[in-house]
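An overview of the molecular structure
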Amino acid sequence: MESQILVIFGASGDLAKRKLIPALYELSQQDLLPEKFAVLGVSRSALSDEDFRERMTEFLPESRESSPDIETFLQRLSYFTLQTGEAAEYERLKRHLEELSAATGIPPNTIYYLATPPSLYEVIPRCLNAVRLCHSDEGFRRLIVEKPFGTDLSSAQDLNRNLLSYFREDQIYRIDHYLGKETVQNMLVTRFANGIFEPIWNLNFIHHVEITSAESLGVEGRGGYYDHSGALRDMVQSHLLQLVGLVAMEPPVVVEADAIRNEVLKVFQSLRPITPDQITKHVVRGQYIASTIKGDPVKGYRDEEGVNPLSRTETFVALKFFIDSWRWGGVPFYIRTGKKLPARVAEVVIHFKRPPRHLFQYEENALTNYNQLILRVQPDEGIVLKFGLKVPGPGFRVQTVNMDFHYDDLGNSHLPSAYARLLLDCMQGDATLFARGDAVEEAWKFIQPISDVFASGLDMPIYGYPAGTWGPEEAEGIVDDANWRYPCKNLSNDGTYCEL
Ligand code: NDP
Ligand code: BG6
């Protein structure tokens, strides 16, 4: 891989120390960083190189005193104080980068990572452009942008337009960390590397598709941000629709960034809009209220710091929708996500159609279950196929059993963290697992009408659900002829309750 410099804007913040630096250290431990590689942290706080290194150790697996590897890794880090929002400052940054390049022997291959509040996503590229730091004949220049990619359709379009004024689309890497998860990528392999799944991956065999991303945590100090966002925009517009894209896409012609992303775009273009008059039948939103979990009182969302005490922001949302394509015509997709649910679990469940006739006697629960293929994204990553088996003994009674694979069973193989995988891909110039601008806008076109109804006042109910439960029971009502799966932390077990 080519030698390069990673410039992190907003380096004094939470994302840098919690996700980016640990991911880079992981790459370093796997020997995946280029031999010549430097990280330059940039933000307004006055920090020395040493202060910055010390700050960045907080989420590393060991202390720098106890691990020589960490100390060696930290020597790649340095820091530059910059009034990030002031264009006049960027000549200094340019000079500093030239000096760093000369001192390290790294050619001007540069990745800029925008780990700042989104209000700077237009400002920083403009300032970089003003001092000719966006393009170079001598090396590559790439830009990584963190979500949120806009807060609605028009701001997403503005953001794309602005970014494209300074960088070409092939230089822009919009990071959606769900695409960096190993099991999300494995969806492509499960579908397109096996002869058994793809022939039945369509409306003829699939009854419905269910996608869940549940979190047991609440807003965890991010109340100020979250209260202006909500589950629909925070999770569905980005992570969950990306999962839908991979589950529903057609086979790409080749495994290349644009071939794959073209297919994802077509899925988003085929999403049937949910019109305002259908919304209460297709969408349920909820907000967690105070409860007691394992004997401990848990506060409700409205009591969280930074949250409006009268907030109507949803911490749970469930949707039913359709994809108007030849493959999926008439197959309902159900997705739900929420905070303060009973477990942290994300999974895609393909529910296959039942056999046309029931010949046998079914054990309790077996009849109601369709054959299910469960792709567990986290935790306990793996795959389960659920099917009917004869109960041993007299007669022909059927029970549901599991055939399962757990990534843990692979023994020593390392499951990279999402940020490590995505940073490495960007360093190698592979944009396959990054969201493309047109797809982001298309996803917003689907979300916007729902978001407008949410924002429009009191017409649409928001249901309270006690923290630690699976969301409002009204969510049951949007699923036809089936029930949501209530997954437990362990891939192979499910039921209607969970350990909290
Ligand atoms: P922070 O709020 O911690 O901000 C990062 C840094 O940006 C701050 O340390 C600050 O550094 C600088 N900054 C803040 N306000 C301004 C300003 N007005 N002008 C110039 N610089 C400013 O953000 P996070 O690190 O939590 O997140 C960074 C981005 O990543 C955000 O857009 C967030 O939405 C996104 N994100 C974060 C996740 C996370 O886990 N934290 C997860 C997913 C996305 P200084 O004052 O030194 O300049
Ligand atoms: C982030 C959201 O993008 O994803 C958070 O802003 C959410 O609200 C997080 O908690 C979930 O990510 P993960 O990897 O823990 O499922």
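Right above here is the structure, for reference.
The text that follows walks through the structure, step by step, so that each part is easy to find.

Rules used in this analysis
Residues numbered from 1 in each chain as written. Chains lettered and ligands numbered in written order. Predicted model: local features only at pLDDT ≥ 70, side-chain atom pairs only at ≥ 80, totals over all residues. Heavy atoms only, no water. Near = heavy atom within 4 Å. Polar contact = N/O pair within 3.5 Å; in protein donor to acceptor, adjacent residues only side chain to side chain. Nonpolar A, V, L, I, M, F, W, Y, C, P; charged D, E, K, R; others polar. Helix = DSSP H or I, 4+ residues; strand = E, 2+ residues; numbered from the N terminus. Expected span 1.5 Å × (residues − 1). Buried < 20%, exposed > 50% of the residue type's maximum accessible area, 1.4 Å probe, protein only. Contact = heavy atoms within 4.5 Å. Pairing = 2+ DSSP bridges. Axes fitted to C-alpha atoms, helices over the stretch in contact; angles between N-to-C directions.

Once that is clear, we can look at the site of ligand 2. As a matter of local geometry, ligand 2 sits amid Lys147, His177, Tyr178, Lys181, Glu215, Arg222, Asp234, Met235, His239, Lys339, Arg344 and Gln378. Within the side chain of histidine 177, a nitrogen or oxygen atom sits 2.8 Å from an oxygen atom of ligand 2. Measuring from an oxygen atom of ligand 2, one finds a side-chain N or O atom of aspartate 234 at 2.6 Å. Class assignment of the residues belonging to the shell around ligand 2 gives a composition of two nonpolar, three polar and seven charged.

Let us now look at helix H10 (residues 257–269). With 13 residues, H10 extends 18 Å from end C-alpha to end C-alpha; this agrees with the ideal 18 Å at 1.5 Å per step. Buried residues of H10: Ala257, Ala259, Ile260, Arg261, Glu263, Val264, Leu265, Val267 and Phe268, and no others. Residues of H10 that are buried sit in contact with helix H7 (182–192), helix H9 (231–248) and helix H13 (437–455).

Another aspect to go through is the side chain of serine 67. Note on placement: serine 67 falls in the loop between helix H2 (49–55) and helix H3 (68–74). Those residues in contact with serine 67, other than ones at most four positions away along the chain, are Tyr25 and Glu62.

We now examine the sheet that holds strand E15 (residues 372–378). Across the sheet, ten strands lie side by side as E14-E17-E16-E15-E13-E7-E12-E11-E8-E18; this open sheet has mixed pairing. Looking at strand neighbours, the two that pair on one side only are strand E14 (361–362) and strand E18 (463–466), the edges of this open sheet. One ladder, built from four bridges, connects strand E8 (residues 283–289) with strand E11 (residues 316–321); its direction is antiparallel. When the sheet's bridge partners are listed, valine 283 is paired in E11 with leucine 319. This element, H7, spans strand E13 (345–352), E15 and strand E16 (382–390) of the sheet and lies at about 145° to E15.

Turning to the side chain of serine 213, a few remarks are in order. Its location among the elements puts serine 213 in strand E7 (residues 206–214). On the basis of relative accessible area, serine 213 is assigned to the buried category, the value being 1%. Looking at serine 213, its side chain comes within polar contact range of the side chain of tyrosine 178, at 3.0 Å. Discounting residues that sit within four places of it in the chain, serine 213 has contacts with Tyr178, Met235, Leu240, Arg336, Thr337, Gly338, Val345 and Ala346.

Glancing now at the environment of tryptophan 326. Within the element layout of this structure, tryptophan 326 appears in the loop between E11 and strand E12 (333–338). A residue is classified by how much of its surface remains accessible, and tryptophan 326, at 85% relative accessible area, is exposed. Linking tryptophan 326 and asparagine 202, residues 124 residues apart in sequence, is a C-alpha distance of 8.6 Å.

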